[in-house]
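# Architecture at a glance
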Amino acid sequence: MSLSESRSPSDTIVERESDREVVVRRLVKGPARRVFEAWANPALFRQWWAPASCGLSIVSYEADVRTGGTYRLVMRHPSSPEPMAFFGRYIDVTPPSRIVWTNDEGDGEGAVTTVTFAEAGEATLVVIRDLYPSKEALDEAIASGSTSGWNEQLGQLETLLGGQGA
């Protein structure tokens, strides 16, 4: 089941690949080393991660992006008095091709996210796989809209990379 359709090479495709997995694909202009760095460098990550149209702001972000490292991301929405904290640990970090992390902030077992970066000419194919612990957990994520911001986020990433030297 496709959650969004691609119309051009820079569009984002979001598909539910199974009862427990959502996969996001997008070609991002720039070499894999730069795209990877935008995910692994907290100062760069803060510049593109929160979808601008949602009104979210990143309050803080600390990350030790290495196998065995941890992260903590705190965001705020203007309509909520309480910030939202996201945290977990890095299971596998293989520069510049792969990052795998846990999402530990919910009750019980959280999703595991795997992002890969593969050179594709002058672009990088970014593939994000969110594997949820159950069908119900994925259904809830889709219903809450938490899988809907990828096109904007990856567009912001591409804009950030376009503003940097090669």
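Residues numbered from 1 in each chain as written. Predicted model: local features only at pLDDT ≥ 70, side-chain atom pairs only at ≥ 80, totals over all residues. Heavy atoms only, no water.

A few words now on the nonpolar core. A general trend in soluble globular proteins is that nonpolar side chains are found buried together. Ranked by size, the top nonpolar core spans 39 residues in total, and within it Trp-39, Trp-48, Trp-49, Ile-99, Phe-117 and Leu-157 carry the most contacts. Top element by residues in this core is helix H1 (residues 32-40). It accounts for six residues. Residues within four places of Trp-48 in sequence aside, it is in contact with Ala-38, Trp-39, Gln-153, Leu-154, Gln-156, Leu-157 and Leu-160. (Core = buried A, V, L, I, M, F, W, Y, C linked by side-chain atoms within 4.5 Å. Buried < 20%, exposed > 50% of the residue type's maximum accessible area, 1.4 Å probe, protein only. Helix = DSSP H or I, 4+ residues; strand = E, 2+ residues; numbered from the N terminus. Contact = heavy atoms within 4.5 Å.)

This part is about the layout of surface pockets. Considering only enclosed or pocket space, the largest pocket measures out at about 1,200 Å³ in volume. Lining the largest pocket are 37 residues, and of these Phe-86, Asn-103, Glu-105, Tyr-132 and Ser-146 sit closest to its centre. Listing elements by their share of the lining of the largest pocket, those giving two or more residues are strand S4 (70-76), strand S5 (84-94), strand S6 (98-102), helix H3 (135-144) and helix H4 (150-162). Of the residues forming the lining of the largest pocket, the biggest block, four residues, is contributed by H3. (1 Å grid on protein atoms, 1.4 Å probe; cavity = no way out; pocket = protein on both sides within 12 Å on 5 of 7 lines; lining within 4 Å. Points joined across faces, edges and corners; volume = space filled by probe spheres on them.)

This part covers H1. A large share of H1 lies buried, amounting to seven of its nine residues. Listed as buried for H1 are Ala-32, Arg-34, Val-35, Phe-36, Ala-38, Trp-39 and Ala-40.

Okay, the confidence of the model for the protein next. Averaged over the protein, the pLDDT score is 90; the fraction of residues at 70 or greater is 92%. The least confident element of the protein, judged by mean pLDDT, is H3 at 91; the most confident is S6 at 98. (pLDDT = per-residue confidence, 0-100.)

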